[in-house]
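# Architecture at a glance
Here is how the chains run, residue by residue.
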Amino acid sequence: MITKTKILLVEDNQNLSENVKEMLIIQGYEVCGILDKAEEACTKIEAVLPDLILMDIQLKGKKNGIDLAEELRQTIDVPIVFLTSSSGKDIVKKVNHIRPDGFITKPFTSESIITSIELALQTFRQSNEKASKMIGSPDKLDSEIFIRENGWLKKIMVNDIEWIKADGSYTHIYVMGRQYTLRNTVKEVILKLPENQFVRIHKSYIVNMKKVDALSSSAVKIEETEIPVGRNYYHKLLQNINKLSN
């Protein structure tokens, strides 16, 4: 079964958003949502986890598209392509710090919007591939990984990772109170981490054994967060606790 690319549209012009939706569906994309305001959009976007976001810079409400993009860059790793009626150096300066994955200037054609989407997706995939390759030599594998954030490849110390949550084709990594959302499966992520340190305790959760403060047959505790332990994983969890305590 071929999985369609999920596009989320943030646009407050209803006629335009419906036209873009129809255009994308005809081209074989899945439109997983249309939002017309920035307020509370982060929560909705994280729930549907799109492959790409088309976002108008000017939106109704107190926040504009730039404000929303800034928030999203802190929580989810997803390409953002801006829709704008403006062009030139001034608009580039306004959004340069966000490092958007593309611009589409209104009015646009079906060909121009599809080209911008495909270029953004290709660049994003290549960037993620570079992140995987930049992990370094086997000696570095146990110490650091690189995560794409705000258009940069940010170094994360492996020992600082607290736990990892699988979410379909996405993976959420929790590091020192922050959440990073990656467009990688948990299987891809776990291959980059030391096997004896990161242990699956549930079909959806992997924990850093060095961060576990307490455990029971049903949960482990990392600081104030309780993470469920699956019945089939408890025995292996105990084995790893014994390894660390020997």
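See above for the structure.
Note that the structure is predicted; figures quoted are calculated from it, not measured. By convention here, each chain's residues receive numbers from 1 onward along its written sequence. Reporting in this predicted model follows two pLDDT cut-offs: at least 70 for local features of residues, and 80 or more for side-chain atom pairs to be given and counted; totals over whole chains, interfaces and linings ignore these cut-offs and use all residues. Hydrogen atoms and water are omitted, and side-chain values are computed over all heavy atoms in the structure.

## A few points about the overall build of the chain
From N to C terminus, the chain includes 7 helices and 15 strands. Partitioning the contacts of the chain with sequence separation of at least 6, the portion at a separation of at least 24 is 53%. Exposure was quantified through the Shrake-Rupley algorithm and a 1.4 Å probe, taking into account, for residues, occlusion by the shown protein chains and nothing else. When the accessible surface of the chain is summed, it comes to about 13600 Å², and 49% of that surface belongs to carbon and sulfur atoms. In this description a helix means any DSSP run of H or I spanning at least four residues, a strand means any run of E spanning at least two, and both kinds are numbered starting from the N terminus. Only heavy atoms enter the contact rule, under which two residues are in contact if any of them lie within 4.5 Å.

## Side note on the pairing of strand 8 (residues 161–167)
Think of it in three bands: residues with accessible area under 20% of the maximum for their type are buried, residues over 50% are exposed, and the middle band is partly exposed, with areas taken using a 1.4 Å probe on protein chains only. Extensive coverage of strand 8 is indicated by the burial of 5 of its 7 residues. Sheet topology places strand 8 next to strand 9 (residues 170–175); 6 bridges connect them, and they run antiparallel. Each residue of the ladder has a partner; that of Lys 165, found in strand 9, is His 172. We call two strands paired when DSSP finds no fewer than two bridges between them. Taking the residues that link successive antiparallel strands as the turn, the strand 8-strand 9 hairpin has 2 residues, and the phi of Gly 168 there is positive, at about 65 degrees. With 3 bridges joining them, strand 8 and strand 12 (residues 205–208) adopt antiparallel strand pairing. Its bridge partner being in strand 12, Lys 165 is matched across the sheet by Tyr 205.

## Considering the environment of Pro 79
Relative to the assigned elements, Pro 79 resides in the loop between helix 3 (65–73) and strand 4 (80–84). When the C-alpha atoms of Pro 79 and Pro 100 are compared, they prove to be 7.3 Å apart, with 21 residues separating the residues in sequence.

## Points about the nonpolar core
Nonpolar side chains in soluble globular proteins tend to be buried together. For our purposes a nonpolar core is just a set of buried Ala, Val, Leu, Ile, Met, Phe, Trp, Tyr and Cys residues, chained together by side-chain atoms within 4.5 Å. Within the largest apolar cluster, 23 residues are counted, with the highest numbers of intra-cluster contacts made by Val 10, Ile 45, Ile 53, Met 55, Leu 68, Leu 72 and Phe 82. Those elements that place two or more of their residues in this core are strand 1 (6–10), helix 2 (41–48), strand 3 (52–56), helix 3 and strand 4. The element contributing the most residues to this core is helix 3, with 4 residues. Not counting chain neighbours up to four residues away, the residues in contact with Phe 82 comprise Met 55, Ile 57, Gly 65, Ile 66, Ala 69, Val 95, Ile 98, Pro 100, Gly 102, Phe 103 and Ile 104. Counting residues in hydrophobic clusters, the runner-up holds 18 residues, among them Leu 9, Phe 108, Ile 113 and Leu 121.

## Observations concerning the packing of helix 2 against helix 3
To define axes, lines are fitted to C-alpha atoms, for helices over the stretch in contact only, and angles between the resulting N-to-C directions are given on a 0 to 180 degree scale. Interhelical geometry of helix 2 versus helix 3 gives an angle of 50 degrees and a closest axis separation of 10 Å. If you check the angle between helix 2 and helix 3, you find them oblique. Helix-helix and strand crossings are classified by hand; for helix 2 and helix 3 the assignment is right-handed. Residues Ala 41, Cys 42 and Ile 45 of helix 2 lie in contact with helix 3, whose contacting residues are Leu 68, Glu 71 and Leu 72. Nonpolar residues are Ala, Val, Leu, Ile, Met, Phe, Trp, Tyr, Cys and Pro. Charged residues are Asp, Glu, Lys and Arg, and all others, Gly as well, are polar. Classifying every residue of the contact of helix 2 with helix 3 by side-chain character gives 5 nonpolar, no polar and 1 charged. Small angles under 35 degrees read as roughly parallel and large ones over 145 as roughly antiparallel, with 65 to 115 read as roughly perpendicular and the rest as oblique. Should the near helix be turned anticlockwise from the far one by less than a right angle, the crossing is termed left-handed; should it be turned clockwise, right-handed.

## With respect to the pattern of salt bridges
Whenever Lys or Arg places a side-chain nitrogen within 4 Å of a carboxyl oxygen from Asp or Glu, that contact is recorded as a salt bridge. This model, assessed by the stated rule, comprises 4 salt bridges. One salt bridge in this structure joins Asp 56 and Lys 106, with 2.9 Å as the shortest N-O distance. Note that Asp 56 is positioned in strand 3 and Lys 106 in the loop between strand 5 (102–105) and helix 5 (110–133), a separation of 50 residues in sequence. Here Asp 101 makes a salt bridge to Arg 73, at a shortest N to O gap of 3.1 Å. With Asp 101 in the loop between helix 4 (89–95) and strand 5 and Arg 73 in helix 3, this pair connects stretches of sequence that are 28 residues apart. Looking at Asp 101, the relative accessible area reads 17%, which means it is buried. A relative accessible area of 6% places Arg 73 in the buried class.

## Looking at helix 3
Turning to helix 3, its buried residues number three or more, namely Gly 65, Ile 66, Leu 68, Ala 69, Leu 72 and Arg 73. Buried residues along helix 3 cover an arc of 160 degrees about the axis, so they all sit on one side. Any N or O atom pair separated by 3.5 Å or less is treated as a polar contact, with the protein-specific requirement of one donor-capable and one acceptor-capable atom, and with residues adjacent in sequence counted only for side-chain atom pairs. Two or three places before Ile 66, at the opening of helix 3, Asn 64 has a side-chain oxygen 3.0 Å from that residue's backbone nitrogen. The arc in question is traced by the directions running from the helix axis to the C-beta atoms.

## Topic: the sheet that holds strand 3
Here we have 5 strands laid out as an open sheet, ordered 2-1-3-4-5, and parallel in their pairing. Each edge of the open sheet carries a strand with a single partner, namely strand 2 (30–35) and strand 5. For this sheet, the mean inter-axis angle between neighbouring strands, taken without regard to orientation, is 20 degrees. Pairing between strand 1 and strand 2: 5 bridges, direction parallel.

## Describing the packing of aromatic side chains
Only Phe, Tyr and Trp rings are paired, with Trp represented by its six-membered ring, and only when their centres lie within 6.5 Å; those with planes under 30 degrees apart are stacked, over 60 edge-to-face, the remainder tilted. What the rule picks out here adds up to 2 aromatic pairs. Ring centres of Phe 82 and Phe 103 lie 6.2 Å apart, and the angle between their planes is 40 degrees; this geometry places the pair in the tilted category. You can see Phe 82 sitting in strand 4 and its partner Phe 103 sitting in strand 5, a full 21 residues away along the chain. Take Phe 103: its relative accessible area is 31%, and that puts it in the partly exposed class. Aromatic pair Trp 163 and Tyr 174: ring centres 4.4 Å apart, planes at 15 degrees, arrangement stacked.

Everything listed here is a matter of coordinates, which is why it stays silent on function.
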